[in-house]
Amino acid sequence: MELVDLRTRLLQVPFIKGLPRELRDRCAMGLLWVGMPRSVQAGEKLFEQGAHDENLGCVLLTGQVDVTRDGELLEKLHAPELLGEILQFTSDKIRTATVKAAAPCSILAFDWSKFGAESVKFYNESEQALFKHLLTQCAWQRCAELFDEAAQRARDMETKRD
């Protein structure tokens, strides 16, 4: 994938699209600076539940992934999408879910620590605070959606039993 195509895909990621206009390009360029594009085969795990992680995140550029917890499908995510953001809000840095490619995918893998360190070069202090706040909202929104879906599945299972 060419650099211009990578940038275009990054700008389509819902989290990045949700940033104020003046931050979008800098976020995409920062991810391109610290990230490494790579191909992922169907069935390959990007993250594994329970793993102590190296602080990795990625952007799903093309394809689809399955997110599971305890072997149960939580959701299917389609590109473009930010992955691995919830790890930033767990004190033990343990993956809360398994993310596996459901089809061949392209990702931009990056280290959250490197992205954070580089962000001081392209965001001022108030922009860094806003970015962190919006990332927190993104992670909590994803958690809320997963909990809502799990609760609905539990209700559905109870209804089937009755």
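What counts and what doesn't
Residues numbered from 1 in each chain as written. Predicted model: local features only at pLDDT ≥ 70, side-chain atom pairs only at ≥ 80, totals over all residues. Heavy atoms only, no water. Salt bridge = Lys/Arg side-chain N within 4 Å of Asp/Glu carboxyl O. Helix = DSSP H or I, 4+ residues; strand = E, 2+ residues; numbered from the N terminus. Buried < 20%, exposed > 50% of the residue type's maximum accessible area, 1.4 Å probe, protein only. Pairing = 2+ DSSP bridges. Axes fitted to C-alpha atoms, helices over the stretch in contact; angles between N-to-C directions. Contact = heavy atoms within 4.5 Å.

Draft legend 1. Local environment of the pattern of salt bridges. Taken as a whole and assessed by the stated rule, the structure comprises five salt bridges. Across the pair R7 and D25 runs a salt bridge, and its minimum N-O distance is 2.6 Å. In this pair, R7 sits in helix α1 (residues 3-11) while D25 sits in helix α3 (residues 21-34), placing the two residues 18 residues apart along the sequence. For R7, a relative accessible area of 29% corresponds to the partly exposed category. The shortest N-O distance in the salt bridge between K45 and E48 comes to 3.2 Å.

Draft legend 2. Looking closely at the sheet that holds strand β6 (residues 81-83). Taken in spatial order, the four strands make up an open sheet running β1-β8-β3-β6, and their pairing is antiparallel. Looking at the sheet topology across the chains shown, the edges are occupied by β1 (36-40) and β6. For this sheet, the mean inter-axis angle between neighbouring strands, taken without regard to orientation, is 30°. Lying on the sheet, α1 is in contact with β1, β3 (56-62) and β8 (105-111); it crosses β3 at an angle near 100°. Each of β3, β6 and β8 touches helix α4 (residues 112-122); the most contacted strand, β8, lies at about 65° to it.

Draft legend 3. Molecular detail of the sheet that holds strand β4 (residues 64-69). Taken in spatial order, the four strands make up an open sheet running β2-β7-β4-β5, and their pairing is antiparallel. Strand pairing shows two members of the sheet lacking a second neighbour, β2 (45-47) and β5 (72-78), which therefore form its edges. The sheet shows a mean angle of 30° between the axes of neighbouring strands, direction not considered. Here six bridges tie β4 to β5, and the two strands are oriented antiparallel to one another. Its bridge partner being in β5, Q64 is matched across the sheet by H78.

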